[in-house]
Amino acid sequence: MKSIIITAGIALLLAVFVTLSWYPGQLVAGLLFIAFLPGYTLLAALWPNSGDAPFTQPEQWLVAVAVSYGLSVTVLMFMVFARLPLNGLTVVSGLAGITLILAWVAWLRAQKGTPHPRRVHLDSWLIGLGLVVLVAALFRIVNIYYSDHQGDEAEILLRAVSLGYGRIEAMLTHTKGPGEILLLNAIGAIAGQFDEQTVRLPFALAGTAAIGLVALLGRRLFNNLVGLVAGLLAAVEGVLISYARTAQYQSVVLLFTLAALLCFYRFYQTGGRSRRLHGLGAFLLAAAILFHFEAVLLVPVAIYLTLAHLGRPKLQQLTAYLSRLVYLWPSAVIFIVLLAVFYIPFLLHPSVQKTGVYLENRVIAGSLPPFNNLAHFFYFQAVKYNSIYHVVGLNLLLLLALLIDFARTFWDKANQQTDHRVSRFTDYVSRFVPAMAVGLILAGLILVMRGEQRLSAWLLGLGLFFIFGLIIFSRATPLPQRVLWLWIAPSFLTYVVLVNRPGKHHYLFLAALIIAGALAVAQLWSAGVKRWPWLKPAGGRWLTAGLGVMLLLIFAAHAVMLFLRNDLEYILTYPAHKNAFYPTDAHYPHDTRIGFGFPFRLGWQMVGRLKRTGQLEGTWAGNDDGNAPLWYMLNTPPTPCYPDYVLRGEITYKGSADFDVPFDPQNFGYVPRYRIWGNDRLRLTILAFDPLAGEVEPFDLYETAHFPPPVTATDFAAGMKPQEPPTPQIRLEPAPVLGEGSELKDNAPPEYLERAKRLKGQVALIGYDLETQFAQPDGIVPVTLHWQAQNLLSLRYKVFVHLLSADGRVWSQADDFPVCGLSHANSWPPGAVVQDRHLLKLPPDLPPGAYTLLVGMYEPELGLRLNYFDVAGNEQGNSLTAGTLEVRPGS
C-alpha cells in the first residue's frame, strides 16, 4: 500500500516538473509516465496484495514497463479520435490521470485484503538478471544521440509532429500501425523537443526491458541457466541492438510480445484460473498489433497456452473448451475493442489501398512464393550486425536445438513400445514423415548450390513445414519446447518462405531462436556433466563459465566497435577500421553504408541547425531522396528545379538509388556557402544561388556532440500548413493561352497525330516571377513561369524562354522540359497550376537596354511549336510576350 501512495505522489510531482519547462526534468517525467508509472499502478490494481500476484518482483517491474507503454499509446489513441489537442499539458494530464485513477483503485482493493509484504531477496538469479539488463542498457543507450535520423525513422517523426498539429491522417495513412507515431508524439510533447536522444530513449528503454523479459521467459520455460544465457546472448545481438537504437516499432513490439507470452504462460502454469492474467496478455498482444500488424503471428501460441491446461483436445472435451472460451470473454472484449478503435477507421480510410499496394510489393515483389530467405536471415543480415563468431556459434546452437527436438519425435519411445492400439500404418507414417522432411531439406540445399532457386524454395519450405509440424504436434515434445517452436513457426515460415522482401523482420522470432540456442547450451552442459563428472564441481563450473564469458566478450567487443564507437563510424568508413581478429564477408557491408542503429553522421544535423536558426531560408534541393532531409529541413518540401540552395551530400542514405538535382549547379551561378565536416571528413556541401558572387571561400562547419537549439514542434509550424497554390509575382490578365494549333496539326507526320489521338490540349500562362527587373551582362536571371492546364496536352513539350532585343535578336535562351524535366506538360490535369523555373544566362557582351521575354512550347523531335490564342480563340503566332527586362552596364 505504501508503494501505491508513493507512486501517486511521484506522478503528481512529475506532472509539476513538466510545467517548469526544465528539459532534464521533462525528459525524466516523460520516460516515467510512458514507460513505468501507469503500468505499475495497473498491476497493483489487478493484484493489490503481492502475495496473490502471479509474478515475482523483477517480473512485475519488467511487465509493468510493457503495460505502461500499452496504456500510454491507448490513452493517446483515444485522445486523437476524441479530437483533443496533443501537447505537453494534455498528454501529461492523460497519463498522470490514468496513473492516479489506477493508484486509487489499487488502494481501495488493498483495503479489502490482508497485505502480504514481498521482499526481494538478492540471490544469484537476481544478480544475473541485473547483469543482463545492465549489459543490454549499455548497448542500447550509450551514444544514442549521435546518428542522424534516417528513412522510416524520419518519416515516423514527421507523422508524430503533424499529429500534434491535428492531422489525424498522419496516423490513418501509416501502413504499419499507429503505435510508434503516438509514442513519439508523447515523448516529444512531454519533453518539449524532438532531438535524436529524446525521441530514441523510449525505444531504447523498451529494447532494454525486452532483453530482461527474454531472460525471464527462458527461466520460466526452462531454468535459470537457459534464462541467463539467453538474456546475455540477446543483450549483445546486433539486430536487436540496432532496432533499440532507433525510434521505430520493432523494440516495442518485441517488448509487448515477450510480456504477453509471459502472461499467457503464467496463465497456463496457474491452471488457467486467472482471467485478470489472461486479459493482461490479451491487452499486451493487442498493443503489439497496434505497433505492427505482424504481431498477429503470435496469436497461435497465445491460443495454445489459453487451452493447454485442459489437455489434448478430445470430442468429449468440446464442452469444456467452449466453456473455457466463454469464461475468458473479458480478454476477447479487450483484444477486439482495442484493435477496432484504430483498425475500423483505418480500413474505412481511402488510403487503405496504399497499404494493400505496400504489402503486395513487400510480400510478392513481382514473384510468387515460396522463397528461400534462409541465407538472408542467417547469414547476410546476421554478419552485417554481428561478428562471424556470433553468427556461426548461434547457428550451430540453433541447429543442435532443432536436431535434439526433432530426434525426440523421430525416436519417440512411446511409438517404439508394443501397443496394439497403434496400427502399423500409424507407426509407419510416424517414421516415414520425419525421414521425408529431412530428405526434402537436404534436396533443397543441394538444389540451392546448383542454382535451382525456385525448386529449392519449394523443397525447403515443405521440409521446414513438416519439421515444425512434427515437433509441435508430437506427444514426445515437452510443453515448453512446444511453446517455443509454436512461437517460432508462424513468423519463421512467413518471412523465410512466403515473403519476397523480408528485410529484418526476423526480429519477431529472433528472441525465441536465442532462447532455443540457450537451451542447447544447457543441454550441452547437462550432457557434458554426465560424460565428464569433473565438470560438476566448482572448479569445472567456473572453468566452463569462464569460457562462456570469453566467448560473450568476443561477441560484445565486435558490437562495441560496430554500434558504440562513433569515433570510428565503422560501417560508414569500412574497411578503414577493420579489425583483423574479426573476419568479414567479401561483400561486406552488403551494398549499403547506412543501417539502422549504426553510428553515422552525414551532415544533416548541422543542416537542421542552420535551418532552425534562419540561415537556410528559401527553397532547397539535395542529392538524397530519403526522409531525413525533409525532417531536418522542417518539412519544407524540396524544389528540385533551380532552388535557392543545393545540399550536396558526400554520402547518401541509399547510395546509387538516390537522385541528383537535375542540373549542374556550378554552371548556373551556385557557389559553395558552407562545408560541413564530421570526424575529419567532408560530409556535406551547401551551395547557394548567387551568380554575382564570383569566387568565394565557403564557411567550414564542424559537427559537434549536440546541436542547440533543440528541435521543437513549433519549428515545423510553417511546414505543417496546407500548401497554398503558388501566386505569380506578375499576374497576366487575361492569361494568354498556348494550344495545339495549326502549326502542329498541319506539319506533324501521321504517326504523331495517331500517337496524340487528338490535338486539343491548351495551357494558360497565368503569370510569372522575375526576381529582378534589372540585370547585368554575364549574370543569370531566374524566370519562373506559372502554367495552368486548360485541356490535357497530348505530347511532351519543351518550354523555351528567349531574351530578345528590339531588333529581334535572341541574346539568351533557356530550353528545357518543364520543371527541369521533372513534370511533363502532358501529365498536368486540367486546373493544375505548375511553377516552372528557368535560368537565363546572360552573355558578357550583352548591350545595355530593354529586352523582351518571349515564351512558348514546342515538340522537341519535330521542332514544331504550340500556337498562341487570343481571348476570342484565334491564333496569334507561336510564341507570346511575357514581360520585359532592363539590362544595365556592369559595375
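For the structure itself, look to the data block above.
Residues numbered from 1 in each chain as written. Predicted model: local features only at pLDDT ≥ 70, side-chain atom pairs only at ≥ 80, totals over all residues. Heavy atoms only, no water.

A. Up close: the environment of Gly 461. Within the secondary structure layout, Gly 461 lies in helix H23 (residues 453-473). For Gly 461, a relative accessible area of 12% corresponds to the buried category. (Helix = DSSP H or I, 4+ residues; strand = E, 2+ residues; numbered from the N terminus. Buried < 20%, exposed > 50% of the residue type's maximum accessible area, 1.4 Å probe, protein only.)

B. Quick look at the layout of surface pockets. Space inside the largest pocket adds up to approximately 1,400 Å³. Taken together, 35 residues form the lining of the largest pocket, with Leu 225, Val 229, Thr 544, Ala 545 and Gly 548 sitting closest to its centre. Where the lining of the largest pocket is concerned, the elements lending two or more residues are helix H6 (124-141), helix H11 (224-235), helix H20 (388-410), helix H25 (507-531) and helix H26 (538-564). With 13 residues, H26 is the single largest residue contributor to the lining of the largest pocket. Residues that form the lining of the largest pocket fall into these classes: 27 nonpolar, seven polar and one charged. The calculated volume of the second largest pocket comes to roughly 1,200 Å³. Asp 152, Arg 362, Arg 501, Phe 596 and Lys 654 are the residues nearest the centre of the second largest pocket, which is lined by 35 residues in total. Of the residues assigned to the lining of the second largest pocket, the class counts are eight nonpolar, 16 polar and eleven charged. (1 Å grid on protein atoms, 1.4 Å probe; cavity = no way out; pocket = protein on both sides within 12 Å on 5 of 7 lines; lining within 4 Å. Points joined across faces, edges and corners; volume = space filled by probe spheres on them. Nonpolar A, V, L, I, M, F, W, Y, C, P; charged D, E, K, R; others polar.)

C. Summary view of helix H3 (residues 37-46). Of all ten residues that make up H3, ten are buried, and the element is covered over most of its length. Every buried residue of H3 is accounted for by Leu 37, Pro 38, Gly 39, Tyr 40, Thr 41, Leu 42, Leu 43, Ala 44, Ala 45 and Leu 46.

D. Broad picture of the packing of aromatic side chains. Scanning the model with the defined rule gives 34 aromatic pairs in all. Centroid distance Phe 492 to Phe 509: 5.3 Å. Interplanar angle 55°. Geometry classified as tilted. Here Phe 492, found in helix H24 (residues 479-498), pairs with Phe 509, found in helix H25; they are 17 residues apart in sequence, far enough to count as distant. The exposure class of Phe 492 is buried, given its relative accessible area of 6%. Three or more aromatic residues joined by ring pairs make a cluster, and in this case those are Phe 377, Phe 378, Phe 468, Trp 485, Phe 492 and Phe 509. For Arg 275, the ring lying beneath its charged end belongs to Tyr 327, and the centroid distance is 4.8 Å. (Phe/Tyr/Trp six-rings, centres within 6.5 Å; stacked < 30°, edge-to-face > 60°. Lys NZ or Arg CZ within 6 Å of the ring centre and 35° of its normal.)

E. A look at the environment of Gln 773. Residue placement: Gln 773 occurs in the loop between strand E8 (762-770) and strand E9 (774-775). Dropping the residues within four chain positions of it, Gln 773 is found in contact with Ile 730, Thr 884, Leu 885 and Glu 886. (Contact = heavy atoms within 4.5 Å.)

F. Layout of the nonpolar core. Tyr 69, Leu 280, Leu 284, Trp 487, Trp 631 and Ile 686 are the most contacted members of the largest nonpolar core, which totals 219 residues. Within the second largest apolar cluster, 54 residues are counted, among which are Phe 663, Phe 689, Ala 775 and Val 783. (Core = buried A, V, L, I, M, F, W, Y, C linked by side-chain atoms within 4.5 Å.)

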